[in-house]
Amino acid sequence: MRQRDGDGMTTGITGSSEHVGDSTDGTEAEGETGVPFDPDATGVIPRPPVPKGPTGPATDVADGDDDGDDEAETGTLPAIRLPATLHIGSPPRAPEDTKDAKESEDPQRPEDPQEPKAAKDPKEAEGPQAPKAAKEPKGARGPAADEAVSAADDDAAGTVPTKVAAAPVASLAVEAPPAPAKTPVEPPATPPASTATKTPAKPPTKTPAATEPAPAKARGLGERLRQLGRSAPMWLPALLTVEGLIMYVLALRVAPGPLRGVDPADINGLGLIAALPASAFAAILIMLVSFFVTVAQSTDRKFLLLFQIAVITFALHGAGSLVASEPRFPTAYIHAGFVDFIGRTGETAISIDARMGWPGYFALFAFVTKAAGISDMTTILQWTPLLTNLLYLLPFVLILRQVVATTRARWYAALLFVLVQWIGQDYFSPQGFTFALYLAFVAILLRWFGRVEPRTKPIAPKGLRKLLGRLDAMTPGEIANTGTFRADRLLMLLMLLALFFAATASHQITPFMMLGVVTAFLIFKRTKLTWALPFFLGLAVLAWISYETVGFWAGQIDAIFGGLGRILTNLQRNTGDRIAGSDPAHAMVLQARLGILVVILALAATGLFRRLRRGVVDRAALILLCVPVLALGLQSYGGEIGLRIYMFALPGACLLAAYAFFPNLPADSADVREETVPMRKRNVRFNPELTRKLSVVLAACFAVVFAGAFLIARYGNEKFERVTTGEVAAMHYIYAHDKPSAKVLYLTAKEGPEVTPTLPWGEKDIELVNFNGQALVYQDPTNIAKAVATLKASPRNTYLAVSTGQIAYLQLNEGFPADWGPRFRAALDASPDVKRVYANKDAALYTWKKFVKGTEIPEPLPYTGRGDPTSPWTPVGLAALAVTWVTLFGYEVIRLNGPNRAVKARRRLLWVAIPAFAVAVGVIIERFIYIASNT
């Protein structure tokens, strides 16, 4: 039985384009084992249940969605086993002939002089063997056998038999002809008539005089051109990608001119997109088109697709690095200052900055730069955004390989992840680094500890339990992990712990995201790990906060826990407060960011709905999407918790959004060319071939829109996030005059602890220069009284910094006039109380004109100080921590052998771990209460 898919390809009844039959060694072929083949993963794709009812061309139709994403709209049916004696495609061979046949195919075997030589004409060699056919005339084996053999011969020759013997299956067994005796057989002088008709005579050899070189050369050139055109789908996408990349680099790096180059003066409230030439947009469009040309092909060209996505990542996330003269984003410079401080002193200083309480990332780069002899981190800061986003692709692609999705869905999800990742946390920062650790953590959970088990319990008759039972009985959207060794799982468990500890020591939020994902995977039965792991990891986070960051939380209990439960307040501070008071053009940037959020969530909801209609529930994707939202109830995180939630929810959102266009299940074929049907059977409303093309076209249109929105959302703040050479030079002047210390006042329209300087601040001497001073300014540039009063109230060696980045921020976010900067500097120059000590076109520094007698420069900020406060129960808590971690880790390691291994030993470990865990948590709570009340 055969059926045709939507592309017109004839496939077997198992839904595979591979030939299904018996193997030569007597074992079952892969198509008959009941285990679908998946080349992209180590696990097994669960086969969805087949609805009862007749099957065939009349009933195997698509559902009402009709997305047609290169799938055969026929369904995946269980493989039908054929009798062992039924041979399809070629006549059976006797056992004694097998060796002779293999020997005849061996080119190294010496020629037997007694055997007849093969025909010199290749066409004669491909024809039927006339001597063997002559030995046993037709009809000697019976009509049924002759009819079966002729049908097999027709099938081997590529023809479809028009008549099948109506006989039982057992009667279709064909006895092999006896092995011919090895006697010299002279080939007949004249072949039989049937052979003569099938084998054309050799064409007469042309003489040199009859050869016409010119026409032959023309025909050869035309044939080569036609062959080159037929092979265009193989080489054209790669050529377009390289062409678009070269075109893009030239468009951004050449001198400004018509349709080329970037002039920083053209950057306005819309950001960098206002200064990009038209050739840059054309290059991005060429890259996207080449990607979809590759995706639309029937084969999975992994390396080319990965290269195309990397090139698109370079074009979008590397644009700022290509056009900037200095590393962009001012906050990256203070992180470089932390690295410099740890490299010089070998210590951390949480008293100087709270971020030094999580110094893992800074200590890592301090070690690397010192070992490599790197003293200038400019290049590292410049290209970190691009390298970070390329690093994200590796674990995310590994995550995509563990889901039950088509080739197009997987690669389109990877493209979406690049297009909608506009959050500016990929600069030189712990958050950008630990997000890569988070992706690797999730990838290891899915690939080495994934769990997919079919539901065996009966579904409740009614109520909510019936709905949950039906969801649980659906086909899982993850691939079952099989074939891993215990040593591999132990190594990956150690890797999970290492990633979590690195994130815990480097960032405040990321370990909570990791902990939430592990807990949700356990609740929804998507991991083989036990509940010992989340308790182990949760205790590690609490211990780090309690014992290693005392200087941060000792006097800020209200600030840390004051935002708990204030979901609406935190949401307002992350959305509405950022749009209010903005420049009209810059408000479009903020609205574009919210628009990307709304569209990607809408596509994710659509993809989830379409997958559910196909009987597939994607628990892992839902967990990755929903767990980060829980952080909204913690605190505002300086007004940026909404941005972090969006970033951590992107993996799940992009995967579900890809299902909005390509929701079907992958096929079982080895080359993944066909894709299976939706689970629900309904009448076809559209042509599957047409809807398949429409799905690709719609996906491409959304990708182009997302690419344009990305340039607005990602680089909309470029007017004040870009750092100029003049601003860096002004900061270096301060570093040259900060002995023994110095202080910097930066401009702000509203004072508060959450306002940070829009300056490349803190690159060096963070213990000598204090950047906490704020100078309040107003929309009237001549009103400098408050700024001058703050400067006069500050100690000597205090500088009031005025820079283009600060002025641009005030203009775009606070409504200051366009000429505010020059007028404000002119007012300061005319003031009798201040004097200008340094100036260039991008920045100016002002200080006192007359110092008060007796005023001294303060000493540098202390970073050693007294030891961290402690509590009487701290030693007991440390001992309880050690016992808890050892016992829980031992429990998890033993559990890797299986759920029924060493049950008594694991129970004993739990009896030790539970009281030790309670003591450890109790001491942590006691430390919070005791230290906070005595500080």
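Residues numbered from 1 in each chain as written. Predicted model: local features only at pLDDT ≥ 70, side-chain atom pairs only at ≥ 80, totals over all residues. Heavy atoms only, no water.

A. Spotlight on the overall build of the protein chain. Scanning the protein chain from terminus to terminus reveals 34 helices and 9 strands. The buried share of the protein chain, taken over its 935 residues, is 46%. When contacts within the protein chain are restricted to residue pairs at least 6 apart in sequence, long-range pairs at least 24 apart make up 81% of them. Accessible area for the protein chain stands at about 45700 Å²; split by element, carbon and sulfur atoms hold 63% of it. (Helix = DSSP H or I, 4+ residues; strand = E, 2+ residues; numbered from the N terminus. Buried < 20%, exposed > 50% of the residue type's maximum accessible area, 1.4 Å probe, protein only. Contact = heavy atoms within 4.5 Å. Areas by Shrake-Rupley, 256 points an atom, 1.4 Å probe, with all protein chains shown as cover.)

B. Seen up close, a nonpolar patch on the surface. Where nonpolar side chains cluster on the molecular surface, the patch consists of Leu221, Leu225, Leu228, Met234, Trp235, Leu236 and Leu239 and spans about 650 Å² of accessible area. Considering every element that reaches the nonpolar patch, the biggest residue donor is helix α7 (residues 232–253), with 4 residues. Counting through the fold element by element, Leu239 comes out in helix α7. (Patch = residues over 30% accessible without salt bridge, like charges linked within 9 Å, V, L, I, M, F, W, Y side chains within 5 Å. Salt bridge = Lys/Arg side-chain N within 4 Å of Asp/Glu carboxyl O.)

C. The confidence of the model for the protein chain, seen in detail. With 69% of its residues at a pLDDT of 70 or more, the protein chain has an overall mean of 76. Across residues 1–44, where pLDDT falls below 50, the model places 97 contacts with residues more than four positions away in sequence or in other chains. (pLDDT = per-residue confidence, 0-100.)

D. Just the pattern of salt bridges, in detail. On inspection of all chains with the given rule, the structure shows 15 salt bridges. Residue Lys302 pairs with Asp300 through a salt bridge whose shortest N-O separation is 3.3 Å. Across the pair Arg344 and Asp340 runs a salt bridge whose closest N-O atoms are separated by 2.9 Å. Taken together, the residues Arg344 and Asp340, both in helix α11 (residues 331–345) and 4 residues apart, mark about one turn of the helix. Linked by salt bridges that have partners in common, Glu223, Arg226 and Arg230 make up one network.

E. Representation of the sheet that holds strand β9 (residues 843–848) in the model. The sheet built from 5 strands is open, its strands ordered β6-β5-β7-β9-β8 with mixed pairing. The open sheet is flanked by β6 (769–776) and β8 (834–839), the only strands paired with a single partner. Within this sheet the neighbouring strands show an average axis-to-axis angle of 35°, counted without direction. Looking at chain direction, strand β5 (residues 742–748) and β6 are connected through 6 bridges and run parallel. Bridge assignment links Tyr746 to a residue of β6, and that residue is Gln774. The strands touched by helix α32 (residues 820–830) within the sheet are β5, β7 (798–803), β8 and β9, with β9 carrying the most contacts at an inclination of about 30°. (Pairing = 2+ DSSP bridges. Axes fitted to C-alpha atoms, helices over the stretch in contact; angles between N-to-C directions.)

F. Examining the pairing of β9 more closely. Counting buried positions along β9 gives 6 out of 6 residues, so the element sits mostly inside the fold. Of the pairings in the sheet, the one linking β7 to β9 comprises 4 bridges and is antiparallel in character. The residue of β9 that forms the bridge with Ala801 is Leu845. Bridge analysis of β8 against β9 gives 5 bridges, and the strand direction is antiparallel. Note that in β9 the partner of Tyr838 across the bridge is Leu845. Remark: 3 residues form the turn of the hairpin made by β8 and β9, two consecutive strands paired antiparallel.

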